[in-house]
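Each chain, letter by letter, is given below.
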Amino acid sequence: MRRTLYLKFLVAYLIFGFFGFIIVATFVYNMTEDHFKKETAEAMYQEANMIAGSYASDLYQNQTSLDAVKNQIDGLAAYTGNIIWIINPSGRMVLDSSSDIDVSTPKYISGFNPTITKGSYYTIGTFFQSFDQDVISVFAPITYNYKVQGYVVIHQTMEDISYRTNKVLNISYIMLVILFVLSLIILIFFTEVVYIPLRKITEATEQYASGNMHYEFSVESEDEMGYLAASLNYMASEIAKTEDNQKKFVANVSHDFRSPLTSIKGYLEAMIDGTIPPELHDKYLHIVLNETDRLTKLTNSLLTLNNLNMRGVILEKSVFDLNQVIRNVAMSFEGTCNAKSIQIKLELTGDEMPVLADMSKIQQVLYNLLDNAIKFSHHNSSIKIETVERKNKVFTSVKDYGIGIPKDDLKLVFDRFYKSDLSRGKDKKGTGLGLSITKEIIQAHEEHINVISTEGVGTEFIFSLPVAEDNHD
């Protein structure tokens, strides 16, 4: 495509030059020649009328001699470069500026007919075979006593008109060449502004089609072509990022499935071949059971995340008491908190806090955040859950005083399968999907969730929900 487009434009440019030449050689030539014919004939006709009304009229009225009139028309013929005749209606030549007076041998124009002009004041041809080449001829009648006594006929060769026409035509050719050369600017402009950027874009699309999403190119332009190139670059980078995330996703899933499966297989083989004695089977079966619970949790998280992506988060909104939901979720972790001597402190606004949201999904959000906070809290520490109402919004904070998140990892905490190096050593049961699911749910409510953390100090997650309107009625 990129070759034929340029070739088509080049062919169009050559066709433009060819037809420009044809137009100048035909239409312009004919129009110019026709203009000069009319202009010359008009001047000759005025001259003929002047002669007919003066010298020739005096001749037929016997007010001047034939020699005197001959001298007058010879002078006019020499000045204008024309041939001037005075002839009788019968076609007999009276005077001819191109030859001397010869009364003894009169000359006749065979077949002379003054109507040859056919309603015009000039005619083009050999004038009744009087010339060897075409001439332009005009008539002017010589009248006396209300009768046509003769005619003044003026001839001019077509060579002179052709010469003048060709001079103008040469100028037209020069202008055409100049225009053709100047139009190269359009071709150059098209090449630089359209063709070269389009070729880069086409080459980039071929690279992207072959799977090379990391191919980079640039178009130094601020017009639509530059915008298209920038958009294509951005699209490719986003696709490349998606592919990288997908590869990372598959790698993480494979890793997180492989570890418990390896443990389960190893323990079961050890029990079968007797490496683990029967009296320890109960212990290791509990370990296997824990690993299967981990696989079940990971599978459920993956299914949840897939449903969120495939169908979007389908919300079943209702008005419920957020404070009571927080209390219920906190009570569900009582056993886990007792095992680590962790105290959950609730600082809730009001006895009740009605919100408009999907209660089951908000329970899941609170469960994920509280489970995450307990996981990274130290023994004998505390976790604070707080609600604050501002401008028809309730902001819920889940804050722990544990290991915190490194500054460089803060922007990654909501990514799928994200686990910081600290979390991998701290707890191997996590799937790395809880916070991703949490963010998807909050965004489905068209709300926001943020994280504040300092390594070694603790982490705080804050999300917002709309307060139910009935609460302000």
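Going by the structure above, here's the rest.
Just so it is clear, the structure is predicted and the values come from calculations on it, not from any experiment.

Draft legend 1. Looking closely at the packing of aromatic side chains. By the definition in use, this model includes 13 aromatic pairs. Relative to Phe127, the ring of Phe112 has its centre 6.4 Å away and its plane inclined at 50°; by these criteria the two rings are tilted. In this pair, Phe112 is assigned in the loop between strand S2 (93-96) and strand S3 (122-125) and Phe127 in the loop between S3 and strand S4 (135-143), connecting sequence segments 15 residues apart. Look at Phe112 and you get buried, because its relative accessible area is 10%. Its relative accessible area of 4% is what places Phe127 among the buried residues.

Draft legend 2. View of the packing of helix H4 (residues 158-182) against helix H5 (residues 184-209). For the pair H4 and H5, interaxial distance at closest approach is 4 Å and the crossing angle is 10°. Taken as axis vectors, H4 and H5 run roughly parallel relative to one another. Residues Phe180, Val181 and Leu182 of H4 form the contact with H5, whose participating residues are Leu184, Ile185 and Ile186. Grouping the constituent residues of the contact of H4 with H5 by class yields six nonpolar, no polar and no charged.

Draft legend 3. Structural detail: the packing of helix H8 (residues 322-332) against helix H10 (residues 359-375). Running from N to C, H8 and H10 cross one another at 45°; their axes reach a closest spacing of 10 Å. Relative to H10, the element H8 lies oblique. Note on packing geometry: the crossing formed by H8 with H10 is right-handed. Here H8 contributes Leu322, Val325, Ile326, Val329 and Ala330 to the contact with H10, which in turn contributes Met359, Ile362, Gln363, Leu366, Tyr367 and Leu370. In terms of residue class, the contact of H8 with H10 is made up of ten nonpolar, one polar and no charged.

Draft legend 4. Representation of the nonpolar core within the structure. Formed by 39 residues in total, the largest nonpolar core has its most connected members in Leu322, Ile362, Leu366, Leu369, Leu370, Phe463 and Leu465. Per element, the largest residue contribution to this core is seven residues, and it comes from H10. The contacts of Ile362, once residues within four sequence positions are left out, are Phe320, Leu322, Ala357, Ile442, His445 and Leu465. Listed in part, the 24 residues of the second largest apolar core include Ala48, Val69, Ala77 and Ile84.

Draft legend 5. Inspection of the pairing of strand S9 (residues 382-390) at higher detail. Here five bridges tie strand S7 (residues 343-347) to S9, and the two strands are oriented parallel to one another. When the sheet's bridge partners are listed, Leu346 is paired in S9 with Ile385. For S9 and strand S10 (residues 393-400), the ladder comprises eight bridges, and the chain directions are antiparallel. Looking across to S10, one finds that Thr387 is bridged to Thr396. If you look at the hairpin formed by S9 and S10, you'll find two residues sitting between the two strands, and Lys391 has a positive phi there, around 50°.

Draft legend 6. Region of the structure containing the sheet that holds S10. On the basis of which strands lie adjacent, the open sheet formed by five strands has the order S7-S9-S10-S12-S11 and mixed pairing. Of all the strands in the sheet, the pair left with one neighbour each is S7 and strand S11 (449-454). Strand-to-strand, the axes of this sheet are offset by a mean angle of 15°, without reference to chain direction. Relative to strand S12 (residues 458-466), S10 runs antiparallel, the two being bridged by eight bridges. Across the sheet, the residue bridging to Ser397 is Ile462, located in S12.

Draft legend 7. Structural view of the pattern of salt bridges. This model, assessed by the stated rule, comprises seven salt bridges. Residues Glu39 and Arg164 are paired through a salt bridge, measuring 2.9 Å at the closest nitrogen-oxygen approach. Here Arg164 lies in helix H4 and Glu39 lies in helix H1 (residues 2-53), a separation of 125 residues in the sequence. Among the residues examined, Glu39 registers a relative accessible area of 38% and is labelled partly exposed. Residues Lys384 and Glu386 are paired through a salt bridge, measuring 3.9 Å at the closest nitrogen-oxygen approach.

Draft legend 8. Summary view of H5. Between its first and last C-alpha atoms H5 spans 35 Å; for 26 residues at 1.5 Å apiece the expected length is 38 Å, and the two agree. A bend of about 40° at Thr191 is the largest found in H5. The complete set of buried residues in H5 reads Leu187, Phe190, Thr191, Tyr195, Pro197, Ile201, Thr202, Ala204 and Tyr208. Of the residues one or two after H5, Gly211 is the one with positive phi, at around 105°.

Conventions we followed
- Residues numbered from 1 in each chain as written.
- Predicted model: local features only at pLDDT ≥ 70, side-chain atom pairs only at ≥ 80, totals over all residues.
- Heavy atoms only, no water.
- Phe/Tyr/Trp six-rings, centres within 6.5 Å; stacked < 30°, edge-to-face > 60°.
- Helix = DSSP H or I, 4+ residues; strand = E, 2+ residues; numbered from the N terminus.
- Buried < 20%, exposed > 50% of the residue type's maximum accessible area, 1.4 Å probe, protein only.
- Axes fitted to C-alpha atoms, helices over the stretch in contact; angles between N-to-C directions.
- Parallel < 35°, antiparallel > 145°, perpendicular 65-115°, else oblique.
- Contact = heavy atoms within 4.5 Å.
- Nonpolar A, V, L, I, M, F, W, Y, C, P; charged D, E, K, R; others polar.
- Left-handed = near helix turned anticlockwise from the far one by under 90°.
- Core = buried A, V, L, I, M, F, W, Y, C linked by side-chain atoms within 4.5 Å.
- Pairing = 2+ DSSP bridges.
- Salt bridge = Lys/Arg side-chain N within 4 Å of Asp/Glu carboxyl O.
- Expected span 1.5 Å × (residues − 1).
- Bend = angle between axes of the 7 residues up to and from the residue.

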